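One-letter residues, chain by chain:
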Amino acid sequence: MENQVKCPRYVDYVRECSFHIDTTSRDFNTTIRFCVSENYINCPFFRYLDKPKAYCPHFVDCDLCKYFKNKDFDGFISLAERWCLTSDFINCARYVRGLNGPVPDNLYPDGTELK
Ligand code: SF4
Ligand code: SF4
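Residues numbered from 1 in each chain as written. Chains lettered and ligands numbered in written order. Predicted model: local features only at pLDDT ≥ 70, side-chain atom pairs only at ≥ 80, totals over all residues.

## Details of the site of ligand 1
Part 1 of the reasoning: In the vicinity of ligand 1, the contacting residues are Cys7, Arg9, Tyr10, Arg15, Cys17, Thr31, Phe34, Cys35, Tyr40, Cys43, Phe45 and Phe46.
Part 2 of the reasoning: Where the shell around ligand 1 is concerned, the elements lending two or more residues are α2 (25–35) and α3 (44–49).
Part 3 of the reasoning: Take the shell around ligand 1: its biggest share by element is three residues, from α2.
Part 4 of the reasoning: Split by residue class, the shell around ligand 1 holds nine nonpolar, one polar and two charged. (Near = placed C-beta within 6 Å. Helix = DSSP H or I, 4+ residues; strand = E, 2+ residues; numbered from the N terminus. Nonpolar A, V, L, I, M, F, W, Y, C, P; charged D, E, K, R; others polar.)

Set out below in structure tokens:
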């Protein structure tokens, strides 16, 4: 296993991402495909820790991110690529709504509501 690890954030059986992001056992199983391949550069956690030019300040604690991380990791990847780890986070409906008050759990960044 150790010889297969590619991500530089995975050192001596410890994933540095776990200190910054609430990774659960489910995250471990779904993200290991990134850790052991050159595709680690596309892992949302790696991209976040690598300090992209722009990213949402709520990326770590956003309830929608937490939901997708646990339920639909591919959806989380799309969410991060489209909104959270880009300068467009300022147009995210959750980000905008959060500036003035509570954010509904099911509000998606494009303003639609998840069912
Ligand atoms: S690929 Fe992602 S989940 Fe795996 S160690 Fe790197 S940052 Fe963490
Ligand atoms: S961009 Fe929107 S969905 Fe992404 S972390 Fe920020 S508030 Fe949450």
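## Comments concerning the domain arrangement of the protein chain
Part 1 of the reasoning: As far as domains go, the protein chain holds domain 1 (1–51) and domain 2 (53–115).
Part 2 of the reasoning: In this structure, domain 1 and domain 2 have C-alpha centres spaced 21 Å apart. (Domains from an automatic or database assignment.)

## With respect to the site of ligand 2
Part 1 of the reasoning: Of all residues adjacent to ligand 2, which total 14 residues, the nearest are Cys56, Cys62, Cys84, Cys92 and Arg94.
Part 2 of the reasoning: Broken down by secondary-structure element, the contributors of at least two residues to the shell around ligand 2 are α4 (63–71), α5 (73–84) and α6 (93–98).
Part 3 of the reasoning: For the shell around ligand 2, the element with the most residues is α5, which contributes three residues.
Part 4 of the reasoning: In terms of residue class, the shell around ligand 2 is made up of 12 nonpolar, one polar and one charged.

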